[in-house]
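What the coordinates show
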Amino acid sequence: MEVAYTCQAAPGGRPNDDFVIATERYVVVLDGATAPAGVDSGCIHDVPWLVAQLGTHLARMLSTEKAAPLVEVLRSGIEATMASHADTCDLTNRDSPSTTVAILRRDAELLEYAVLGDSAVIVEQHDGELVVGHDDRTSYLPAYTVEAVSRARNTEEGFWIASVQPEAADRAVTGAIPVSAVSSAAVMTDGITRLVERYGWSWADLLKRLESHGPAQLVEDIRAEERATPAGTFRGKVHDDATAVFCRF
Ligand SMILES: [Zn+2]
């Protein structure tokens with residue numbers, strides 16, 4: 001698996017809350033959630049700390065326990081991350097920092113993925129068919145106030161994300177495709193998938209652009225779309241941190 005990626009903070013000088021680790025065998029992409037101003041998270045750490053902790057715990061498991069099921073890897077990663085701040089922070093706080101997770105792993109037979117939150121994995125097969133591993137539950141919340149999103153987090157009625165509930169791992173969107181059938185794959189945060197969700201691209205357009213022009217060009221495409229879109233015509237941030245990983249087989 002040949003891997004190319006970009007991981008860029010949103011314009012404006014804030015820290016990058018996205019995180020990526022890739023080897024020839026796996027890709028881990030995280031997108032930490034920025035805490036709303038004034039919310040007590042019970043945690044002394046910032047979001048870049050959280051994604052670095054979980055990202056490196058996941059990479060260690062994926063490197064050393066190669067046969068562990070991805071959901072188990074995810075659960076262990078969340079538990080290890082919780083242990084990293086159990087002594088300093090209140091892990092019973094429902095607003096503890098959180099992050100999406102997307103894992104892609106290839107072994108001799110299978111290409112597997114697990115996605116928690118609104119990051120995405122797209123796999124293109126030799127016959128042109130696309131497999132889309134994407135959880136869009138955050139697009140269908142009853143309300144988007146700070147309180148409503150907090151209440152919806154890690155509940156059956158809301159959405160699932162990596163934070164201080166290891167059982168969230170069981171709600172990941174998972175799948176497996178024979179490696180022999182795969183031609184390429186992409187792993188992305190929602191800073192990239194907004195090309196599809198906000199700007200009307202198809203997943204196939206996005207993958208084709210990644211393959212022909214590379215991950216950094218995709219971020220330039222997004223910044224151009226963002227600058228051209230009038231305020232008030234969409235929900236959410238004008239710019240977001242953006243991570244795109246392209247894997248060629
Ligand atoms: Zn903490």
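Thresholds, definitions, all that
- Residues numbered from 1 in each chain as written.
- Predicted model: local features only at pLDDT ≥ 70, side-chain atom pairs only at ≥ 80, totals over all residues.
- Heavy atoms only, no water.
- Pairing = 2+ DSSP bridges.
- Helix = DSSP H or I, 4+ residues; strand = E, 2+ residues; numbered from the N terminus.
- Axes fitted to C-alpha atoms, helices over the stretch in contact; angles between N-to-C directions.
- Contact = heavy atoms within 4.5 Å.
- Phe/Tyr/Trp six-rings, centres within 6.5 Å; stacked < 30°, edge-to-face > 60°.
- Lys NZ or Arg CZ within 6 Å of the ring centre and 35° of its normal.

This part is about the sheet that holds strand E10 (residues 242-248). Strand order in the open sheet formed by five strands is E1-E10-E9-E6-E7, with antiparallel pairing between adjacent strands. Strands with a single pairing partner mark the edges of an open sheet, and in this sheet they are strand E1 (2-8) and strand E7 (130-134). Taken over all neighbouring pairs, the strand axes of this sheet differ in orientation by 10° on average, direction set aside. Sheet topology note: the E1/E10 ladder contains seven bridges and is antiparallel. Across the sheet, residue Tyr 5 finds its bridge partner in E10, namely Val 245. Against the sheet, helix H4 (residues 190-197) contacts strand E6 (120-125), E7, strand E9 (182-188) and E10, and its axis sits at roughly 80° relative to E10. Running at roughly 35° to E1, helix H6 (residues 215-228) makes contact with E1 and E10 of the sheet.

Attention now moves to the packing of aromatic side chains. Counted under the stated rule, the structure contains zero aromatic pairs. For the cation-ring pair, Arg 171 lies above Trp 160, with the distance from its terminal atom to the ring centre recorded as 4.1 Å.

Position of Val 245 among the secondary structure elements: in strand E10. Once the C-alpha coordinates of Val 245 and Arg 14 are considered, the two residues, 231 residues apart in sequence, prove to be 22 Å apart. In this view, Val 245 contacts Val 3, Ala 4, Tyr 5, Val 20, Val 27, Val 29, Ala 185, Ala 186, Val 187 and Leu 210; residues no more than four positions away in its chain are not counted.

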